[in-house]
Structures are given as structure tokens and as C-alpha cells.
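Working through the structure, step by step
What follows is each chain in one-letter form.
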Number of protein chains: 2
Amino acid sequence: MISNKAKYALRALLAIAAQHGGEALTSIEIAKRHRIPHKFLEQILLDLKKAGILESRRGKLGGYVMLRPADTITFGEVLRIFEGPLAPLPCLSRNAYRRCEDCENEARCEIRREFARSYEASRQVLDSRTIADALAESPAMPFVAQDRRAG
Amino acid sequence: MISNKAKYALRALLAIAAQHGGEALTSIEIAKRHRIPHKFLEQILLDLKKAGILESRRGKLGGYVMLRPADTITFGEVLRIFEGPLAPLPCLSRNAYRRCEDCENEARCEIRREFARSYEASRQVLDSRTIADALAESPAMPFVAQDRRAG
DNA sequence: CTTAATCTCTATAGAGATGATAGGGATATG
DNA sequence: CATATCCCTATCATCTCTATAGAGATTAAG
């Protein structure tokens, strides 16, 4: 199961990316719409900003907008920010490889071999599907916000 | 990342299933071979027994043997015993379905839709690959123990 | 300049999961 | 009876998750 944090982050991103005209969305508005505890959401949005995904404006009329276009942000990328490596075993992570301390022979490890298959299958989905893809297939929201950064 | 518990369980199962002639393996032997804390492993083997996967014998000459043949035990089944539902969202679990409390419209939820793809991909691997499959592909152990229950 | 709205940052805390460790009880063998 | 093994329960330290809280920084409006 994914964490609430990651789920909230994805909800928030979908909302911000879907915002017409690329207008800023406030954390309060997102929290109200999606029933996310406001102060918890603030932390999450801050993480997304630090990750270079969102841009923020402070003060009155402040809020959040996409920094990078929604079609460049995959579900996998967002998950990794909040959950760490997606790999089921440390020895299968590309970005965060660690040897299993107690593993005798990685190349012959049956467990590693089997999980590699499973991981590869889900990784290919998570690392290819973007926020924009998800919105594009949404029946209630046919118009996808992609790159609407103010020029 | 999967838990140590699940990893230990899989290691133990692979060892027991690979045992020539279906001889019993003791928890001490498994713990020594695979560097698993012995008392921790005992709990795990007990869980596997309660799940109907292993059979045990007490006393001298005791140990564990497979109850069900190794080609009927999938990685997914073992994982579920120790990690609970494999689904990334409660609303995607078949056996343990729960509605996301804060979800407005499950059918239209973009997050659910995307994770369904990813989950389906990994589930198909985990629920089809068995302990016997894993051993069969192991270069160091070409002879697979399948159904060796004493008649 | 003041006020209000918003983002920013850090601290704290309860609940539960994780990963063991420990001790003894039950059972089988010889 | 002695020994080896499985069986069962309790306990514990650590970490993570899920917040909650409060104050500071920034901006816009009046």
C-alpha cells in the first residue's frame, strides 16, 4: 500500500495541473476540495517544490503552479519522492542500489530474479505514465493542462 | 521494499523445497545456512505452517517439510501472508477491498486507474511464478523438488 | 504602514509496524 | 530421563506514518 502522503501528493498534483489557465491553487483550496489535512498538505507541497516539480508564490494571491509540464512528471517520480526507492529489494534499485547484506551470490539469488520480473513490469507502467496522461483519460476533465507556465 | 520477514520466509521455503528426498530441514539448519536470526525464523516458519504451506515434526529428527507441493505456492501467496494485501491502494485489492475513505468517485479516480495498471502488471508475475519455478531456473540447483511428500 | 493571506520551516507526539530477543512449554527420540 | 526440536507468548527498541502546532517570511491591498 502506498502512503497517504504519496496519495495526497498525486491528488494535489492532478489538481494543480488541471487548473485552467495555469492559475495558482492555494494549499487551502486543495485541502478543502480533497479533504486533506491542511498542515500536512503544506509539508507535501513543500516537498514537491523542493523536488523541482512545483513553483510557489507567497502572500496574498499566492499558491502553487506547475514548474515542469505535467507530461514530464511520471507517477514513479512522485512516488520516489515520498516513498523512497520503488524496488522491492535494495539490490534491484538503480538509483539507490544496495547489496543485501546477507546475500551470498546476487547473480544466482532466486528471490532477486523473481522480484526483478515483477518490478520491471510495474516500473514500466509507473515510469511511463504521467500526470498529463492520467488527466487526459479522465472523463470528467477532458482538457488537460500541460505546459502553461506564464511566458 | 519487502520486509525482512517476507524475504526470510521465501529463503526458507526455497531451502525446504530444494531439500533432496523431501527430508526435513530444521530451523537451526536453515538459520545457519542463510544467516537468519534463529528465534525470528521460528516465528516465520510457524506462520508458514499455520498458512498450510509447511508441515512440521517435533522432537529429535524433527524439522520442516513442504505440505503443499512447491509448484502450487506462488510468491504472491507468501508475500500476502507476511505483508498483507499487495495492492497499492485498498480499493484495488480483491481479497481485502476497502473503499478509500476520502474518495469521491472510485470509477473516475485517476490515481486508482493508473495504479490498477501497475498493480496488474506486477500481480500477474507474483501470482503466477511459484517456488518450483524459481528453483527450476536456478543454475546451482537444476533438480527441482516438487511434490515429494512421503506417500 | 497595517492588515490579512499565504507559503516556509521546525518541533513535537501518538500509533503502529518492524525486527528482533527471550524464556519457557510441548513433543518426540533414544 | 536427557536431549533436540518445534510451539507459543511476551517484551522491547527503533523507525515510520500521520498528523498537529506555532511562529516566521513574503506579498498584495487598502
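Anything mentioned here points back to the structure above.
A few points on the structure.

**Considerations on the side chain of Ser-122 of chain B**
Mapping Ser-122 of chain B onto the fold places it in helix H5 (residues 110-126). Judged by relative accessible area, Ser-122 of chain B falls into the buried class, the value being 13%. Aside from chain neighbours lying at most four places away, what touches Ser-122 of chain B is Ser-118, Ala-121 and Ser-122 of chain A.

**Digging into the relation of the copies chain A and chain B**
Take chain A, turn it by 180 degrees, move it 0.0 Å along the axis, and it overlays chain B with an RMSD of 0.1 Å. Accordingly, the operation relating the two chain copies is best matched by a two-fold axis.

**Quick look at unusual backbone geometry**
Residue and element names in this part refer to chain A. Here the phi dihedral of Arg-35 falls at roughly 55 degrees; this positive angle occurs in a residue that is not glycine. Of note, Arg-35 is situated in the loop between helix H2 (27-34) and helix H3 (38-50). For Arg-35, a relative accessible area of 47% puts it in the partly exposed group.

**Section: the packing of aromatic side chains**
According to the stated counting rule, one finds four aromatic pairs over all chains in the structure shown. Consider the rings of Phe-75 of chain A and Phe-115 of chain B, whose centres lie 6.0 Å apart with planes at 80 degrees: the pair is edge-to-face. Note that Phe-75 of chain A is positioned in helix H4 (residues 75-83) and Phe-115 of chain B in helix H5, a pairing that runs across two chains. The pair formed by Phe-75 of chain A and Phe-115 of chain B is uniform in burial state, with each residue classed as buried.

**Quick word on the pairing of strand E2 (residues 63-66) of chain B**
In regular strands, side chains alternate between the two faces of the sheet. Residues and elements named next belong to chain B. Pairing analysis gives four bridges linking strand E1 (residues 54-57) to E2, with the strands arranged antiparallel. Residue pairing in the sheet places Leu-54 in a bridge with Met-66 of E2. Turn length for the E1-E2 hairpin, with the two strands adjacent in sequence and antiparallel, is five residues, and the turn residue Gly-59 shows positive phi of about 75 degrees.

**Quick notes on the side chain of Arg-123 of chain A**
Residue and element names in this part refer to chain A. When you line up the elements, Arg-123 lands in helix H5 (residues 110-126). Looking at Arg-123, the relative accessible area reads 14%, which means it is buried. The residues contacting Arg-123, other than those within four sequence positions of it, are Arg-80 and Arg-94.

**A look at the protein's contact with DNA strand D**
Taken together, 29 residues lie near DNA strand D, and Gln-43 and Arg-58 of chain A together with Ser-27, Lys-49 and Ser-56 of chain B sit nearest. Each atom of DNA strand D within 4 Å of the protein was assigned to sugar, phosphate or base; sugar and phosphate come to 69%. At a separation of 2.7 Å, a base oxygen of DNA strand D approaches a polar side-chain atom of Lys-39 of chain A. One of the backbone nitrogen or oxygen atoms of Gly-59 of chain B is found 3.4 Å away from a base oxygen of DNA strand D. At the level of elements, helix H1 (4-18) and H3 of chain A together with helix H2 (27-34), helix H3 (38-50), E1 and E2 of chain B are the ones that each hand at least two residues to the surface near DNA strand D. The leading source of residues in the surface near DNA strand D is H3 of chain B, at six residues. For the surface near DNA strand D, a count of residues per class yields seven nonpolar, 10 polar and 12 charged.

**Remarks on the pattern of salt bridges**
Residue and element names in this part refer to chain A. If you walk through the whole model with that rule in mind, you get 28 salt bridges over all chains. Across the pair Asp-127 and Arg-80 runs a salt bridge whose closest N-O atoms are separated by 2.9 Å. Taken together, the residues Asp-127 in the loop between H5 and helix H6 (131-136) and Arg-80 in helix H4 connect sequence positions 47 residues apart. Judged by its relative accessible area of 26%, Asp-127 is partly exposed. Judged by its relative accessible area of 24%, Arg-80 is partly exposed.

**Observations regarding the packing of H4 of chain A against H5 of chain A**
Residue and element names in this part refer to chain A. Close contact between H4 and H5 brings their axes to 7 Å; oriented N to C, the two are set at 110 degrees. Here H4 lies roughly perpendicular to H5, going by the angle between them. Each of Phe-75, Gly-76, Leu-79 and Arg-80 in H4 lies in contact with H5, whose residues at this interface are Tyr-119, Arg-123 and Leu-126. Classifying every residue of the contact of H4 with H5 gives four nonpolar, one polar and two charged.

**Section: the protein's contact with DNA strand C**
Ser-27, Lys-49 and Ser-56 of chain A together with Gln-43 and Arg-58 of chain B are the nearest of the 29 residues found near DNA strand C. In DNA strand C, the atoms that sit within 4 Å of the protein are 66% sugar and phosphate, with bases accounting for the remainder. A distance of 3.2 Å is found between a sugar or linking oxygen of DNA strand C and a side-chain nitrogen or oxygen belonging to Arg-58 of chain A. At 2.6 Å, a side-chain N or O of Lys-39 of chain B approaches a base oxygen of DNA strand C. Of all the secondary-structure elements, those providing two or more residues to the surface near DNA strand C are H2, H3, strand E1 (54-57) and strand E2 (63-66) of chain A together with helix H1 (4-18) and H3 of chain B. For the surface near DNA strand C, the element with the highest residue contribution is H3 of chain A, accounting for six residues.

Conventions we followed
Residues numbered from 1 in each chain as written. Chains lettered and ligands numbered in written order. Predicted model: local features only at pLDDT ≥ 70, side-chain atom pairs only at ≥ 80, totals over all residues. Heavy atoms only, no water. Helix = DSSP H or I, 4+ residues; strand = E, 2+ residues; numbered from the N terminus. Buried < 20%, exposed > 50% of the residue type's maximum accessible area, 1.4 Å probe, protein only. Contact = heavy atoms within 4.5 Å. Least-squares fit on C-alpha atoms with pLDDT ≥ 70 in both. Phe/Tyr/Trp six-rings, centres within 6.5 Å; stacked < 30°, edge-to-face > 60°. Pairing = 2+ DSSP bridges. Near = heavy atom within 4 Å. Polar contact = N/O pair within 3.5 Å; in protein donor to acceptor, adjacent residues only side chain to side chain. Nonpolar A, V, L, I, M, F, W, Y, C, P; charged D, E, K, R; others polar. Salt bridge = Lys/Arg side-chain N within 4 Å of Asp/Glu carboxyl O. Axes fitted to C-alpha atoms, helices over the stretch in contact; angles between N-to-C directions. Parallel < 35°, antiparallel > 145°, perpendicular 65-115°, else oblique.

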